[in-house]
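Here is what each chain is made of, one letter per residue.
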Amino acid sequence: MGFKIAVAGATGNVGREMLNILSERGFPADEVVALASARSQGTEVSFGDKTLKVKNLENYDFSDTDICLMSAGGAVSLKYSPKIGQQGCVVIDNSSAWRYDSEVPLIVPEVNPDAISLFTKKNIIANPNCSTAQLVVALKPLHDYAKIKRVVVSTYQSVSGAGKDGMDELFNQTRAVFVADPIESKKFTKRIAFNVIPHIDVFMEDGYTKEEWKVLAETKKMLDPKIKVTCTAVRVPVFIGHSESVNIEFENEITADEARDILREAPGCLVVDKHENGGYVTPYECAGEDATYISRIREDATVENGLNIWVVSDNLRKGAALNAIQIAELLINRGLIRAKKQAA
Ligand SMILES: NC(=O)c1ccc[n+]([C@@H]2O[C@H](COP(=O)([O-])OP(=O)(O)OC[C@H]3O[C@@H](n4cnc5c(N)ncnc54)[C@H](OP(=O)(O)O)[C@@H]3O)[C@@H](O)[C@H]2O)c1
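Residues numbered from 1 in each chain as written. Predicted model: local features only at pLDDT ≥ 70, side-chain atom pairs only at ≥ 80, totals over all residues. Heavy atoms only, no water.

Where an unreviewed UniProt entry is consulted, the chain appears under the name Aspartate-semialdehyde dehydrogenase, with the organism given as Ensifer oleiphilus. Taken from UniProt, the Catalytic activity (unreviewed entry) comment for the chain reads in full: "L-aspartate 4-semialdehyde + phosphate + NADP(+) = 4-phospho-L-aspartate + NADPH + H(+)". The UniProt entry for the chain carries the following comment under Subunit (unreviewed entry): "Homodimer." (UniProt positions renumbered as here; feature names shortened; annotations may be inferred.)

Below, the discussion takes up the environment of Thr189. Here Thr189 is to be found in the loop between helix 4 (163-179) and helix 5 (210-222). Separated by eleven residues in the primary sequence, Thr189 and Ile200 place their C-alpha atoms 9.2 Å from one another. Leave out the neighbours within four places in its chain, and Thr189 touches Ile197 and His199. (Helix = DSSP H or I, 4+ residues; strand = E, 2+ residues; numbered from the N terminus. Contact = heavy atoms within 4.5 Å.)

Quick look at the layout of surface pockets now. Of the volumes computed, that of the largest pocket is approximately 1,400 Å³. Lining the largest pocket are 50 residues, with Ala72, Gly73, Gly161, Ala162 and Gly163 sitting closest to its centre. Of all elements in the fold, only helix 1 (13-24), helix 2 (74-86), helix 4, helix 5 and helix 8 (317-333) reach the threshold of two or more residues within the lining of the largest pocket. Looking at the lining of the largest pocket, its residues break down into 16 nonpolar, 23 polar and eleven charged. Of the pockets and cavities examined, the second largest pocket occupies roughly 150 Å³. Lining the second largest pocket, in full, are Asp165, Asp168, Glu169, Asn172, Glu184, Ser185, Lys186 and Lys187. (1 Å grid on protein atoms, 1.4 Å probe; cavity = no way out; pocket = protein on both sides within 12 Å on 5 of 7 lines; lining within 4 Å. Points joined across faces, edges and corners; volume = space filled by probe spheres on them. Nonpolar A, V, L, I, M, F, W, Y, C, P; charged D, E, K, R; others polar.)

The next point concerns the site of the ligand. Lining the immediate surroundings of the ligand are 26 residues, of which Thr11, Val14, Ser37, Arg39 and Ser40 lie closest. In the model, an oxygen atom of the ligand is placed 2.6 Å from a nitrogen or oxygen of the Ser37 side chain. Lys164 has a polar backbone atom sitting 3.0 Å from an oxygen atom of the ligand. When the free accessible area of the ligand is taken as 910 Å², the share hidden by the protein chains comes to 80%. When atom positions are compared with the pocket grids, the ligand is found to occupy the largest pocket. Listed by contribution, the elements that provide at least two residues to the shell around the ligand are helix 1, helix 4 and helix 8. Looking at the shell around the ligand, its residues break down into nine nonpolar, 15 polar and two charged. (Near = heavy atom within 4 Å. Polar contact = N/O pair within 3.5 Å; in protein donor to acceptor, adjacent residues only side chain to side chain. Areas by Shrake-Rupley, 256 points an atom, 1.4 Å probe, with all protein chains shown as cover. Sits in = over half its atoms within 2 Å of the grid points.)

This paragraph deals with the packing of aromatic side chains. All chains considered together, the criterion is met by four aromatic pairs. With a centroid separation of 6.0 Å and 75 degrees between ring planes, the pair formed by Phe178 and Phe194 is classed as edge-to-face. Here the residue Phe178 occupies a position in helix 4, and Phe194 occupies one in the loop between helix 4 and helix 5, the gap between them amounting to 16 residues. Accessibility classification places Phe178 together with Phe194 in one group, the exposed group. Over the aromatic face of Tyr80 sits the side chain of Lys83, whose NZ or CZ is 5.6 Å from the ring centroid. (Phe/Tyr/Trp six-rings, centres within 6.5 Å; stacked < 30°, edge-to-face > 60°. Buried < 20%, exposed > 50% of the residue type's maximum accessible area, 1.4 Å probe, protein only. Lys NZ or Arg CZ within 6 Å of the ring centre and 35° of its normal.)

As summarised here, the arrangement of the six strands in space is 5-2-1-6-7-8, forming an open sheet in which the pairing is parallel. Two strands lie at the open edges of the sheet, namely strand 5 (55-56) and strand 8 (124-126), each paired on one side alone. Direction of pairing for strand 6 (residues 67-70) relative to strand 7 (residues 90-93): parallel, over a ladder of four bridges. Within the sheet, the bridge partner assigned to Leu69 lies in strand 7 and is Ile92. (Pairing = 2+ DSSP bridges.)

We now examine the UniProt feature "domain: Semialdehyde dehydrogenase NAD-binding" (unreviewed entry) in the chain. Taking the UniProt record as the reference, the feature "domain: Semialdehyde dehydrogenase NAD-binding" (unreviewed entry) is found at residues 4-119. Across residues 4-119 one finds 22% helix and 27% strand; the C-alpha atoms that close the span lie 19 Å apart.

Attention now moves to the state of the cysteines. Within the structure shown, the criterion is met by zero disulfides. Between Cys231, a free cysteine, and Cys130, which holds the nearest cysteine sulfur, the sulfur-to-sulfur gap is 11 Å. A residue is classified by how much of its surface remains accessible, and Cys231, at 3% relative accessible area, is buried. (Disulfide = S-S within 2.5 Å.)

Our next topic: the UniProt feature "binding site: NADP(+)" (unreviewed entry) in the chain. The positions UniProt marks with the feature "binding site: NADP(+)" (unreviewed entry) are Thr11, Gly12, Asn13, Val14, Arg39, Ser40, Ser160, Gly161, Pro182 and Asn315. The annotated residues occupy 305 residues of the chain and do not converge on a single region, their most distant C-alpha atoms lying 30.1 Å apart. Here the residues from the annotation list that line the largest pocket are Thr11, Gly12, Asn13, Val14, Arg39, Ser40, Ser160, Gly161 and Asn315. Within the secondary structure, Gly12 sits in the loop between strand 1 (3-8) and helix 1. Looking at Gly12, the relative accessible area reads 16%, which means it is buried. Tracing the backbone through its elements, the reader meets Arg39 in the loop between strand 2 (29-36) and strand 3 (44-47).

Here you go:
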């Protein structure tokens, strides 16, 4: 007997990717239910070669559902996740609503799988921010080898990170440029077509944005609270795939060759690093892929033990849907949950 899984936010960018990945990986589910707002009730979403009729999250009863993959935004998660958890259904949440709660584990399975046991406190597990997920997958094996002291990250984040409205805005603005229509900006604060915007999420008191703060808070929570992290988060006119330029300072010696060998063996990482034209990965090529790609591995001669790397991944997959499903697999593989139907 398999599991009953609900995908809340099934009509969104991340929710649709979750349905694709559940089907691709042959997830051990007997039943998959698609949930969204009242606006989408009765519409259909694809699940493998089938379609699912979307149900309304508001009046859905979770008492016989085992896992809810939640990707409907922070406000929705704050409202529904505790109630779902109380019905004995484990919520794996993609928003930032629970990530910093000391009773909620924040998990990237390649990085801190053992922290998952904390989930029983609230029956909620948090998935990190898309930029953090790919960053920690690359940092973890390097930290284990040479102990990271400080990280400086500049992100180049695709518009799909801002949901389906973000993708529509880039598409519509690009078309408007070519047909000389007026450019409308609703989702982003400035025009995104043929531009870059150094602003993601709200501004905080110290002048950083919340997106930049998330990268440091989440890296510390998952990898090591002693690591110093500073970040500049930038939106770029790319549909799918986040890129990061990462400067890392280590306590111990590590060469570029050693880093390349370590990352080649590391779970979730794929090294593409040839010193020739095109010998690196760009976001266009990582869309639809599971790996975190690492290119441009160089020593930084301006500090004692320093490296520069270029990290690229599909933000809708490792940055969101794939990581959430890997967390669900971790729960099942470690025997931390049993299918309710089987248990009954
Ligand atoms: N995109 C990324 O790279 C990424 C990465 C990590 C985390 N996340 C997080 O994942 C979540 C979803 O992101 P997304 O990019 O998929 O957004 P999206 O494309 O805008 O989709 C939002 C989804 O939430 C649903 N929803 C909205 N209000 C709802 C309500 N009151 N009740 C039930 N469902 C509701 C929408 O349903 P309707 O169609 O019915 O409105 C839709 O299915 C967000 O919390 C986001 O921060 C996204």
